[in-house]
Amino acid sequence: MERPLTQHIPLSGAALQLKEYEAVGGYSALRKVLQELTPKEVTEKVKDANLKGRGGAGFSTGMKWSFVPMNVTGPKYLIANADEMEPGTFKDRWLLEGNPHQLLEGMIIAAYAIQATQAFVFMRWAYKEAAQIMTRAIADAYAAGYLGKNILGKDFQLDMQLHTGVGRYMCGEETALLNSLEGKRATPRAKPPFPQVSGLFGKPTIVNNVETLSYIPHIMNKGGDWFKSLSYTADGGTKIYGVSGKVNKPGAWELPMGVTMRELLEEHAGGMKAGLRFRGVLPGGASTDFLTDAHLDVKMDFVGVAAAGSRLGTGTMVVLDDQTCPVGFVHNLEHFFAQESCGFCTPCREGLPWTEKILLALEQGKGTYADLEQLEIHTQLLGPGNTFCALAPGAMEPLQSALKYFREDFEQHIKDKKCPYAHH
Amino acid sequence: MPIINIDNKNYEVKEGKNLLEACLSLGLNLPYFCWHPALGAVGACRQCAVKVFKDADDTKGRIIMSCMEPVKDQLRMSIDDKDARNFREHVIGWLMTNHPHDCAVCDEGGACHLQDMTVMTGHSYRDYHFTKRTYNNQYLGPFLNHEMNRCIQCYRCVRFYKDFAGGKDLDVFAAHNHVYFGRQQDGILESEFSGNLAEICPTGVFTDKTLKQHYTRKWDLTSAASVCQGCGLGCNILAGERYGAVRQITNRFNAAVNGYFLCDRGRYGYEFVNSDQRIKTPMVHHGPAEQSNGIPVLEHVHHRMVPGKTIGIGSPRASLESNAVLKELVGADNFYLGVSAADHDLVSLSLRLLRQGPVRAASLQDAAAADVVLILGEDVTNTAPMLALSVRQAVRRIPVAAAQQQVHLAAWQDAAIREAVQEDKGPLFILSMQETKLDEIAQGAWHTAPDNIARIGYAVSHLLNDTIPEVTGMSEQGRDIAATIAKTLKSAAHPLIIAGYGGGSEAILKSAANVAWALHDLGIDAMLSFTVPECNSMGLEMLDGHRLESAVERALNNGADTAIVLENDLYRRLNQHSADLFFNNIKSVILLDHLYNTTAEKATVILPAGTFAESDGTLVNNEGRAQRFFQVFTPTTAVQESWRWLLQVAAVSGHAVLSSLQHLDDVVKFIAATYPQFDGITTLTPDAHFRLAGQKVPREPHRYSGRTAMLANENVSEPKPAEDEDTALSFTMEGYRGEPPSSMIPFFWQPGWNSVQAVNKYQVETGGPLHDGNAGKRLIEPNVNGHTPFYTEVPEPYLPLKEHLLLVPCYHIFGSEELSIHTPGIAARMPAPYLLLHSEDAKRFQVTEGHLLHFMDNGHHYTLPVIINDTLQQGVAGIPVGLPGMQIAEAPQLIKV
């Protein structure tokens, strides 16, 4: 079983240095691209592979690139979204800390494809170690002639900068990321216009996830058919899956796209801790709907999880066990989302704190049936389109599914006038 | 035009609009907060949600925000859809979770967009039972009250203050449900346009602090359409009164003039009307006239009007009517313009240039649409503030157009356009005596002496038309500046050249005309904007009269016994020496004015003249636009319009023409018949006989309260309301309730729309002109036959002289205008007198910042503290104009230190 993204990451956890990366074929894809392919051909190749964005939305990467106008003057930008702040998600961190040059090579190729001359790595504030590693990697890449003017002697130049955020979940949304990078408030932008046309500083811009960009060198080297062959399903490639929660071996693994939840949970994460039973799971991070044991055989790809009523998201599962209160669990999530709301649009800014307060009231035994109804109303009204961006709709996914699957827990809080779970 | 289907009915709508604009323009009710016609759409509040459907078979549809969705032919939408209504109701529910529900004690109450929208959505039951968040409020200066707890986070305030008006000290802080709109710390809001926050804010976060001093609900105000007295631009205002005091000024929308906004001088400068310095009764020899019925005092006046020895001194801050009646009363030979020599020279030249040339005077709306702007010698923010706001829009034209084309954006997509435009600015070039606020958005700003500014103007015009002589002796830098400006102007479609009284230089005006005319000759649609100092400077100049210095001379030569001074303090027009000379050689001074001033001290007879709030009249603004202002209330004192006093004087004197005139319409007709240049003023507004459905237009809204109780402490029987014989307005609640002609609109109100947002209902389309057209009529139109010869008298360059300084005027929005400084808040914003000096000059005269510097001007000694300003050219010194207690200094002039 191939693990293209992670196979070279040393087990020690130390970052793969430039020389080591080159020794395992690093930057050969870039060399090949600059020698053999036109920018358009690079995009076509990515399109052929049907690589889907690993940040959560699953949009075709090649398609995204193809929207960038190629006949314009002025700067264009390529940005790696390394602002990994989805609760329960730590897959990009692995790549950032373990194989920084793989990301850089992917970014340089992507920049070539859209003819960008400036690239940024927008990194989560808390990833201090990754930031150090990336700083060194960028410096090394400059020194080796992979960045700067006349890259590998060709008529292509690219500058790269690392930007560390200040710790706002909102910055993971690509347009809010752009505003933040411009030094403005991290509020999202309306689309259209899309960043591909009017992005950073109003110029054509591509924002891709770290995992997505890290795949580019491999697709360049081995092609679309190879990429598709890695997968169990129609969504090609491997995927870094993660499991957190009260399992025996929480962690992250690069596995073929479409592995089942059961395999992930039981084989890789080692099953539930002793004495605990599996109750439900957020399959793709905090902003995805709960699935339950009825869904354990769902294939973890974009189509499969969606068919089960949730989203693949970032592919990193958060497991709920039978001794953790689902109301408290969701309250914790809504607290996070309410706090991370940027405050731009009304439903999110005012609605999320309301749900948070209701959930807290339920936990404290002060909840009512009217409160439950209010939660239901919010899950309906804070839907896509009603709010300015996807933050609030994402925040409603665990809530609406918790109300569906764990309704008896909510009602018990009201009847008992207290939380029935033991609190620590 | 596209056809859209709204709730199963087809409507023809305008291309390029968004659905919210389309719905509102159709007269449909759809609630909104963050969208504003002047600011565009950002989609923040989510209040204007509607359903759109794929086609006639789609029954599910999807909710979208109507402000963010462009009109598209055959689009199907529903306002009335159950889900859309439910969502809109919940948006109010969310907004209300933290709103304090303090309507009863909120200044916005009764004129609150949030109240209106709450009622419109039907939200009436509170589901939220948790605690509310609370904020600290800030001290924001004398103009605005801050009550953040009421905030519904629509972001309009920052979008106006920062994005539209270029302010820097108001922003949004924090995140999630803690977002805070205010300053980084307590302090006076710096923008000259801060008062607009009170109208932009849909609820009571920013409210008018001067109104708070004498608070009245909107529904209890007696209001009338009026015209701002603060400068020469003639912004349209609404003035509201109760109990004989003007309570507040709000914007009166006029698409061609001020649009939705006012400057802070205009909004807050009204309190002189309520000043305790007001002259309320006729006075003779500084005592009250013996009888109150007015007859004896008129006799006093009559006796002093010696034929051939009586002169009249007009006023640029008095109405056309008052000036014209005075001119007729004393005779054209005896009528003098009550303006300083410099102002007269500049305004009369401006008038000539507009009449003699083919280039039109720009309205504020035209100015905002200019693609290239050249400012010669003016600090526009201080001399004509709203023009500065227009210039701030004009510099966005080219980059916005480019962005729209590149990214395919509609004009209303504000956030996306600002993103695409970034900090790009279209060409604005400023040549001024010192740094001005607009410099920050200029492509080039240079500071030098007035004559040097004129030289650059001439040099630009030479580059546009080589029959204009070359300016010799230019520095290389000067040549470069001229070349850059000329090249950019040549590429413009609608360039605007701004000059005016602030530069204090006729040469600048002439060079500006040269530039504009040369552009016109190249087939470019150039515009001119000449600022003028006062609200009727242009009207007075058009009426024509002799120079004020001639009146002084005549008095010295015993040619005048009596002077009738109209709404004027001659100590602001002449230096103290000349003014003293004048009064010492005049036997009787008859003064008509509002406030007791230095001239009043010299007056034999004083007649209490109505301010704009107690008067009907006409003003002509800097572009030659005549506009009518209406009396707001009837004073209980002897105060009345100057023109009415003068007609009464004329009646006593048996004046052949004037004694047959009685009402406003008579005077207006007389003026139009006597002076062809004022022919248009009879059609400014319907005459006094105009009726709608047989009724007059009431100044009081139908909810006006307490009418029978207001004066009950004095007399339980309600007095008969005053009759208005001059206009088709009434001083009552009774009358026609529909929409009056736009020139007469006393307040904006429509069922369900109690706030200023009701103006939507009076417009042809949102942001467009009022149904009845924009009020006012332009009296000066360009000369279709081309222009008089180009000016060729290029001034010599100004070079600093030893021992000398060139004194140049510095105007202040707060301080340089005579009446507005009687508003305590404006007085508080006024600078103390100073002398602006370059640091090298300070060294030369061995002074530092704060030191007092002595100099003499026409025999008057000045001692002023020095302020260092290195943006001045060396050898040039700035002196503030018009500050109270300061003698007028003739600037520019060379002084010896």
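Rules used throughout
Here the residue numbers are simple positions, counted from 1 along each chain's written sequence. Chain letters start at A and ligand numbers start at 1, both assigned in the order the entries are written. Reporting in this predicted model follows two pLDDT cut-offs: at least 70 for local features of residues, and 80 or more for side-chain atom pairs to be given and counted; totals over whole chains, interfaces and linings ignore these cut-offs and use all residues. Segments assigned H or I by DSSP are reported as helices when at least four residues long, segments assigned E as strands when at least two residues long, and all are numbered from the N terminus. We take the radius of gyration over the C-alpha atoms and set the globule estimate at 2.2 Å times the residue count to the 0.38 power. Remark: C-beta atoms are placed from the backbone, and a residue is labelled buried if 20 or more other C-beta atoms sit within 10 Å of its own, exposed if 12 or fewer do, or partly exposed between those counts. Placing C-beta atoms from the backbone, we regard two residues as in contact once those atoms come within 7 Å. What counts as a domain boundary in this text is fixed by an automatic or database domain assignment. Polar here means any residue outside two lists: the nonpolar Ala, Val, Leu, Ile, Met, Phe, Trp, Tyr, Cys and Pro, and the charged Asp, Glu, Lys and Arg; Gly therefore counts as polar. To get an axis, a line is fitted to the C-alpha atoms, and for a helix only the part in contact is used. The angle between two axes follows their N-to-C directions and goes from 0 to 180 degrees. Our angle categories are set so that under 35 degrees counts as roughly parallel, over 145 as roughly antiparallel, 65 to 115 as roughly perpendicular, and the remainder as oblique. Take the far helix as your reference; a near helix turned counterclockwise from it by less than a right angle gives a left-handed crossing, and one turned clockwise gives a right-handed crossing. In plain words, the nonpolar core is the set of buried Ala, Val, Leu, Ile, Met, Phe, Trp, Tyr and Cys residues that C-beta atoms within 7 Å link up. Two strands qualify as a pair provided DSSP detects at least 2 bridges between them. UniProt positions are given in the numbering used here, feature names are shortened, and annotations may be inferred rather than shown by experiment.

A. Looking closely at the overall build of chain A. Secondary structure assignment for chain A yields 16 helices and 8 strands. Rg of the C-alpha trace for chain A: 22 Å, near the compact-globule value of 22 Å for 424 residues, within the 12% margin. Principal-axis analysis of the C-alpha atoms places the extent of chain A at approximately 75 × 45 × 35 Å. Looking at the 424 residues of chain A, the share that counts as buried comes to 58%. For chain A, restricting intrachain contacts to residue pairs at least 6 apart in sequence, the fraction spanning at least 24 positions comes to 71%.

B. Region of interest: the overall build of chain B. For chain B, the helix and strand inventory stands at 26 helices and 36 strands. Taking 2.2 N^0.38 as the reference for a compact globule, 897 residues should give roughly 29 Å; the C-alpha atoms of chain B span a radius of gyration of 28 Å, in line with that estimate. Once the C-alpha set of chain B is aligned to its principal axes, its extents read approximately 90 × 75 × 55 Å. Considering chain B as a whole, with its 897 residues, one finds that 57% of them fall into the buried category.

C. Just the domain arrangement of chain A, in detail. Residue and element names in this part refer to chain A. Looking at chain A, the domain boundaries give domain 1 (18-229), domain 2 (238-321) and domain 3 (326-416). Its C-alpha centre places domain 2 at a distance of 23 Å from the equivalent point of domain 3. The interface is formed by 9 residues belonging to domain 2 together with 12 residues belonging to domain 3. Within the side of domain 2 that touches domain 3, the residues separate by chemical class into 4 nonpolar, 4 polar and 1 charged.

D. Seen up close, the packing of helix H3 (residues 39-49) of chain A against helix H9 (residues 210-229) of chain A. All names here are of chain A. Packing of H3 against H9 brings their axes to within 8 Å, and their N-to-C directions diverge by 40°. In terms of orientation, H3 lies oblique with respect to H9. Crossing handedness for the pair H3 and H9: left-handed. Counted together, Lys-45, Val-46, Asp-48 and Ala-49 of H3 and Ile-216, Ile-219, Met-220, Gly-224, Phe-227 and Lys-228 of H9 form the full contact between these two elements. Residue composition of the contact of H3 with H9, grouped by class: 6 nonpolar, 1 polar and 3 charged.

E. Focus on the interface of chain A and chain B. Contacts between the two partners involve 28 residues from chain A and, on the opposite side, 31 residues from chain B. Contributions of two or more residues to the side of chain A that touches chain B are made by helix H12 (326-340), helix H13 (346-363) and helix H14 (369-381) of chain A. When residues of the side of chain A that touches chain B are assigned to their parent elements, the largest contribution, 8 residues, is made by H13 of chain A. Looking at the side of chain A that touches chain B, its residues break down into 13 nonpolar, 10 polar and 5 charged.

F. Examining the nonpolar core more closely. Counting residues in hydrophobic clusters, the biggest one holds 386 residues, and the most contacted among them are Ile-109 of chain A together with Val-373, Ile-497 and Leu-528 of chain B. Every residue in contact with Ile-109 of chain A, bar those within four places of it in the chain, is listed here: Ala-29, Leu-30, Val-33, Val-42, Ile-216, Pro-217 and Met-220 of chain A. Counting residues in each nonpolar core, the second largest holds 27 residues, with Leu-872, Val-876, Ile-879 and Ala-891 of chain B among its members.

G. Layout of the domain arrangement of chain B. Examined at the domain level, chain B breaks down into domain 1 (3-95), domain 2 (98-213), domain 3 (275-339 + 538-674), domain 4 (344-354 + 377-533) and domain 5 (804-896). Here the C-alpha centroids of domain 1 of chain B and domain 3 of chain B sit 56 Å apart.

H. Representation of the sheet that holds strand E7 (residues 278-282) of chain A in the model. Residue and element names in this part refer to chain A. In space, the 4 strands of this open sheet follow the order E6-E5-E8-E7, with mixed pairing throughout. Because the sheet does not close on itself, it has two edges, and the strands there are strand E6 (251-256) and E7. Strand-to-strand twist of the sheet, defined as the mean angle between neighbouring strand axes without regard to direction, takes the value 30°. As paired strands, strand E5 (residues 238-244) and strand E8 (residues 316-321) are joined by 3 bridges and run parallel to one another. Counterpart to Gly-242 in the pairing with E8 is Thr-316. Here helix H10 (residues 261-268) sits on the sheet in contact with E5, E6, E7 and E8, set at roughly 60° to E5.

I. Layout of the UniProt feature "domain: 4Fe-4S Mo/W bis-MGD-type" (unreviewed entry) in chain B. With numbering matched to this structure, UniProt assigns "domain: 4Fe-4S Mo/W bis-MGD-type" (unreviewed entry) to residues 221-277 of chain B. Regarding residues 221-277 of chain B, the helix share stands at 9% and the strand share at 35%, and the terminal C-alpha atoms are separated by 24 Å.

J. Structural context of the pairing of E5 of chain A. All names here are of chain A. The buried fraction of E5 is high, at 6 of 7 residues. Pairing of E5 with E6 involves 6 bridges; the strand directions are antiparallel. Looking at the pairing, Ile-240 lines up with Glu-254 of E6. Two successive antiparallel strands, E5 and E6, enclose a turn made up of 6 residues, where Gly-245 displays a positive phi of approximately 115°.

K. Local environment of helix H4 (residues 156-164) of chain B. Residues and elements named next belong to chain B. Where H4 is concerned, the buried positions are Arg-156, Cys-157, Arg-159, Phe-160, Tyr-161 and Phe-164. Tucked inside the fold, the buried residues of H4 contact strand E8 (180-182), helix H5 (197-200) and strand E9 (206-208). One or two residues past the end of H4 sits Gly-166, with phi positive at roughly 75°.

L. Molecular detail of the environment of Tyr-675 of chain B. Residue and element names in this part refer to chain B. Mapped onto the secondary structure, Tyr-675 falls in the loop between helix H24 (664-674) and strand E28 (697-698). Overall, Tyr-675 belongs to the partly exposed group, with 16 C-beta atoms counted inside 10 Å. Residues Tyr-675 and Arg-159 lie 516 residues apart in sequence; the distance between their C-alpha atoms is 46 Å.

M. Broad picture of the UniProt feature "domain: 4Fe-4S His(Cys)3-ligated-type" (unreviewed entry) in chain B. Taking the numbering used here, the UniProt-annotated feature "domain: 4Fe-4S His(Cys)3-ligated-type" (unreviewed entry) corresponds to residues 83-122 of chain B. This span, residues 83-122 of chain B, is 57% helix and 0% strand, and a straight line between its end C-alpha atoms measures 14 Å.

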